[in-house]
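# Residue-level structural notes
Residue-level listing of the chains:
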Amino acid sequence: MQTHQYDVVIVGAGGAGMRAALESSARVRTAVISKLFPTRSHTGAAQGGMCAALANVEEDNWEWHTFDTVKGGDYLVDQDAAEVMAKEAIDAVLDLEKMGLPFNRTPEGRIDQRRFGGHTRNHGEAAVRRSCYAADRTGHMILQTLYQQCVKNDVEFFNEFYVLDLLVDHDLATGDVPEGEEVNASGVVAYELATGEIHVFQAKAVVFATGGAGKIYKTTSNAHTLTGDGMALAYRRGIPLEDMEFFQFHPTGLAGLGILLSEAARGEGGILRNSEGERFMERYAPTIKDLAPRDIVARSMANEVREGRGAGPNKDYVLLDLTHLEPAHIDAKLPDITEFARTYLGIEPYTEPVPVYPTAHYAMGGIPTNIEGEVLRNATDVIKGLYAAGEVACVSVHGSNRLGTNSLLDINVFGKRAGKAAAAYAATAPFVELPPNPATRVEAELETIRTRPDGDRVADIRRALQETMDANAQVFRTSESLTQALDDIKALRKRYGAVSVQDKTRTFNTDLLEAVELGFLLDIAETVVVGALNREESRGGHFREDFPDRDDSRFMQHTMAYRRPVAAGAADVAVPGSDAAFRRAEAFDGYQVVLGAKPVTVTRYQPMERKY
Ligand SMILES: Cc1cc2nc3c(=O)[nH]c(=O)nc-3n(C[C@H](O)[C@H](O)[C@H](O)COP(=O)(O)OP(=O)(O)OC[C@H]3O[C@@H](n4cnc5c(N)ncnc54)[C@H](O)[C@@H]3O)c2cc1C
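Small disclaimer: the values here were computed from a predicted structure and weren't measured. (Residues numbered from 1 in each chain as written. Predicted model: local features only at pLDDT ≥ 70, side-chain atom pairs only at ≥ 80, totals over all residues. Heavy atoms only, no water.)

### Some thoughts on the site of the ligand
- The local shell around the ligand holds 39 residues, among which S41, H42, T43, E391 and L408 are the closest.
- Here an oxygen atom of the ligand sits 2.6 Å away from a polar atom, N or O, in the side chain of E391.
- For the ligand, the protein covers 98% of the area, taking 1,000 Å² as the surface of the free molecule.
- For the shell around the ligand, the secondary structure elements donating two or more residues are α1 (15-25), β2 (30-34), β7 (161-168), β14 (354-363) and α11 (406-428). (Near = heavy atom within 4 Å. Polar contact = N/O pair within 3.5 Å; in protein donor to acceptor, adjacent residues only side chain to side chain. Areas by Shrake-Rupley, 256 points an atom, 1.4 Å probe, with all protein chains shown as cover. Helix = DSSP H or I, 4+ residues; strand = E, 2+ residues; numbered from the N terminus.)

### Remarks on the UniProt feature "domain: FAD-dependent oxidoreductase 2 FAD-binding" (unreviewed entry) in the chain
- Within this numbering scheme, the UniProt entry marks residues 7-408 as carrying the feature "domain: FAD-dependent oxidoreductase 2 FAD-binding" (unreviewed entry).
- Between the C-alpha atoms that bound residues 7-408 there is a distance of 27 Å. The span itself is 27% helix and 25% strand. (UniProt positions renumbered as here; feature names shortened; annotations may be inferred.)

### Topic: the layout of surface pockets
- Within this model, the second largest pocket holds a volume of roughly 540 Å³.
- Lining of the second largest pocket is provided by 19 residues; of these, I296, R299, F543, P548 and R610 occupy positions nearest its centre.
- Looking at the lining of the second largest pocket element by element, the count peaks at 3 residues for helix α8 (residues 294-306).
- By residue class, the composition of the lining of the second largest pocket is 8 nonpolar, 3 polar and 8 charged.
- Domain assignment of the residues forming the lining of the second largest pocket places at least three in each of domain 1 (253-358) and domain 2 (440-599). (1 Å grid on protein atoms, 1.4 Å probe; cavity = no way out; pocket = protein on both sides within 12 Å on 5 of 7 lines; lining within 4 Å. Points joined across faces, edges and corners; volume = space filled by probe spheres on them. Nonpolar A, V, L, I, M, F, W, Y, C, P; charged D, E, K, R; others polar. Domains from an automatic or database assignment.)

### Focus: the sheet that holds strand β3 (residues 50-51)
- Pairing in this open sheet of 3 strands is antiparallel, and the strands run β3-β5-β4 from one edge to the other. If you trace the sheet from one side to the other, it starts and ends with β3 and β4 (113-121), each paired once.
- Taken together, the 5 bridges between β4 and strand β5 (residues 126-132) define a ladder with antiparallel strand orientation. The residue bridging R115 from the neighbouring strand is R129, located in β5. (Pairing = 2+ DSSP bridges.)

### Digging into the pattern of salt bridges
- This model, assessed by the stated rule, comprises 60 salt bridges.
- One salt bridge connects R584 with E586, and the closest N-O pair in it is separated by 3.9 Å.
- On the basis of relative accessibility, which here comes to 24%, the residue R584 falls in the partly exposed class.
- The network of salt bridges with common partners includes D74, D243, E245, D295, R299, R535, E537, R539, R550, D552 and R610. (Salt bridge = Lys/Arg side-chain N within 4 Å of Asp/Glu carboxyl O. Buried < 20%, exposed > 50% of the residue type's maximum accessible area, 1.4 Å probe, protein only.)

### A closer look at empty space enclosed by the protein
- Here the structure, examined in full by the defined rule, presents 2 cavities of 30 Å³ or more.
- Counted as a void, the largest cavity has a volume near 60 Å³.
- Lining the largest cavity, in full, are F247, Q248, F249, R294, D295, A298, R299, V475 and G541.
- Looking at the lining of the largest cavity element by element, the count peaks at 4 residues for α8.
- Of the residues contributing to the lining of the largest cavity, the split by class is 4 nonpolar, 2 polar and 3 charged.

### Re helix α4 (residues 138-152)
- For α4, which comprises 15 residues, the first-to-last C-alpha distance of 21 Å matches the rise-based estimate of 21 Å (1.5 Å per residue) to within 8%.
- All of the buried residues along α4 are T138, G139, I142, L143, T145, L146, Y147, Q149 and C150.
- Against α1, β3, α3 (79-99), β5, β6 (156-159) and α11 lie the buried residues of α4.
- D154 occupies a position one or two residues after α4 and carries a positive phi of about 55 degrees. (Expected span 1.5 Å × (residues − 1). Contact = heavy atoms within 4.5 Å.)

### Digging into the nonpolar core
- Among the nonpolar cores identified, the biggest contains 92 residues, and V188, F208 and M469 are the most heavily contacted of them.
- When residues in this core are grouped by element, the largest group, 15 residues, is from helix α15 (residues 510-534).
- Beyond its immediate sequence surroundings of up to four residues, M469 is in contact with I216, Y217, Q474, I489, A525, V528 and V529.
- A20, M50, A81 and A209 belong to the second largest nonpolar core, which has 50 residues in total. (Core = buried A, V, L, I, M, F, W, Y, C linked by side-chain atoms within 4.5 Å.)

### Section: the sheet that holds strand β23 (residues 591-599)
- In space, the 4 strands of this open sheet follow the order β10-β21-β23-β22, with antiparallel pairing throughout. Each edge of the open sheet carries a strand with a single partner, namely β10 (241-242) and β22 (584-588).
- In this sheet, β23 lies alongside strand β21 (residues 557-564) in antiparallel orientation, the contact comprising 8 bridges. Paired with M560 across the two strands is G596, which belongs to β23.
- Across the face of the sheet, helix α14 (residues 479-496) comes into contact with β21, β22 and β23 while running at roughly 35 degrees to β22. (Axes fitted to C-alpha atoms, helices over the stretch in contact; angles between N-to-C directions.)

### Section: the side chain of D290
- Looking at the secondary structure, you find D290 in the loop between α7 (281-284) and α8.
- Judged by its relative accessible area of 2%, D290 is buried.
- When neighbours within four sequence positions are excluded, D290 is seen to be in contact with R266, G270, I271, L272, R279, M281 and V297.

### Here we look at the state of the cysteines
- Overall, the coordinates contain 0 disulfides when judged by the stated rule.
- As a non-bridged cysteine, C51 has C132 as the owner of its nearest cysteine sulfur, 7.8 Å distant.
- C394 carries a free sulfur, and the closest cysteine sulfur to it, the one in C51, is 17 Å from it. (Disulfide = S-S within 2.5 Å.)

### Points about the domain arrangement of the chain
- Its domain assignment divides the chain into domain 1 (253-358) and domain 2 (440-599).
- With 7 residues of domain 1 in contact, the opposing surface of domain 2 contributes 7 residues.
- Around 580 Å² of area is buried between domain 1 and domain 2 when both sides are counted, 61% of it from carbon and sulfur atoms.
- The salt bridge involving R306 is made with E545; its shortest N-O contact spans 2.8 Å.
- Residue composition of the side of domain 1 that touches domain 2, by class: 3 nonpolar, 1 polar and 3 charged. (Buried area = accessible area lost by both parts, 1.4 Å probe.)

Written out as structure tokens, the structure is:
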């Protein structure tokens, strides 16, 4: 075992992690730990763009952007956070431009902008051009640009190191940390893929920037590595996860595959059609049609299929029509995604419409933070020295449904803020003592799995999990389907207790790491389903057929899911900030998931009915 000491340790080298690293490394000794080589992070797969009210091509301002974000999130957005993001968006784009990011340009040489779902002029009047982009490779350019800057600034990377535990001085999951007791982060434990060696990193401040968890679903746009590690590690230490029931299904995944075709396709003029050739979004969102927010478009598509107007031999998808666009325009603005259609479906988008269907895309929920990126242990109190930013976090700027291009923005704005705050804290704070034998828990877990002679296969349990999530916790949900998912997850947890791997070696054992990641997926899935069962309303990305309306009287609150020891019942578990609608406890083997509430911050915009 090796030990290291840094002022700030950042876990994750995607956009959020590297943006944080640029701030932090300029001030204090900083290490970035990443299970992937930095430029392989999922940020690099982002296509469509990053929004900011630059008003380069049309009138626009940050106040309209704030409003669109709040309305897009179906009013579950914390409005103070959305306002910060929309205001700081402009500098976030200009920062990247100064770092050398090759944005597409207008003929006058300004950063070009295009339309994206839910971004409007004057509070919903018409779609506005707000997304800055580099063809359909915006995330790739962001990641490369940030990595170059990190190299230039001598940021220290530990690549292909998997963080498998968060170290704190009081483990909230034990349930016996008194309210008001200060809780401090003291570091992380990581596993080095190449050698199998364990590394303990002591740090004054830890920043989680580990990205999303799309792999709980089978049909997803997310990379294989998006297994919710950071969320699960926090949750296992008793830190709540916020709003996990809200998962975004992106309308245009390649049918049957889930590979993403960016919303930029519709931003550039693409149209969705059903088997009758009808532009059906005119019925669901008469004003902005195909550029309605993703939750609405995904649900409308699923509904067309349900009502028998799906295309194809099994009538199980709809069509994205780009055939009316000039091939030269497609080549200039959408080169990669049209190539995906050719490669994976054998479709020529110049002349044929592309089969598409919703695909699991983005976790709106995550580790709760305030606008400085500090992690919350309940509705109000922070954990000292712990920060989170990017898709792993819930600030909450996306509420119950994120607008397209707001995530590349989120990772830049809140990555920067978290990096700054962590460095400022570490500049004066002392190191917190590590717990005795900090690596024992991780070593024991890894050895148990690695040496188990035989048992259940990782791939079998993972497939079963993904299938039940696709079948029962997708675009449409009911009490019945969610109960089925919950029962399945409980059964899969039992099987996971006997999981084994075929590779018994200690070096480059990705088999072993996939087993550990499967444990994270089960944690995340359970919070999604328990939260979804409890939320007896429909809002944003969470649609309950048995409760089709939004219910602000009971549910205009964030969900906080806490892992706690087995106790007598929900009412006996003290959850600060919880109220009646959220008093729910779900027993699992050896622990329970307890739900509490957190108020939504409303500043300028009172909740209204959401129409487009
Ligand atoms: C196909 C696709 C297209 C998208 N297009 C857009 C778009 O056009 N516009 C937009 O705004 N958003 C888009 N998004 C969403 C957006 O790209 C992501 O939400 C965002 O990039 C996430 O950034 P991140 O830094 O939080 O995480 P990531 O970029 O996913 O990085 C996570 C990092 O954490 C590390 N990590 C994870 N677990 C561990 C661990 N246990 N130990 C050590 N390291 C770990 C990984 O190595 C990685 O470096 C898209 C997403 C997808 C999947």
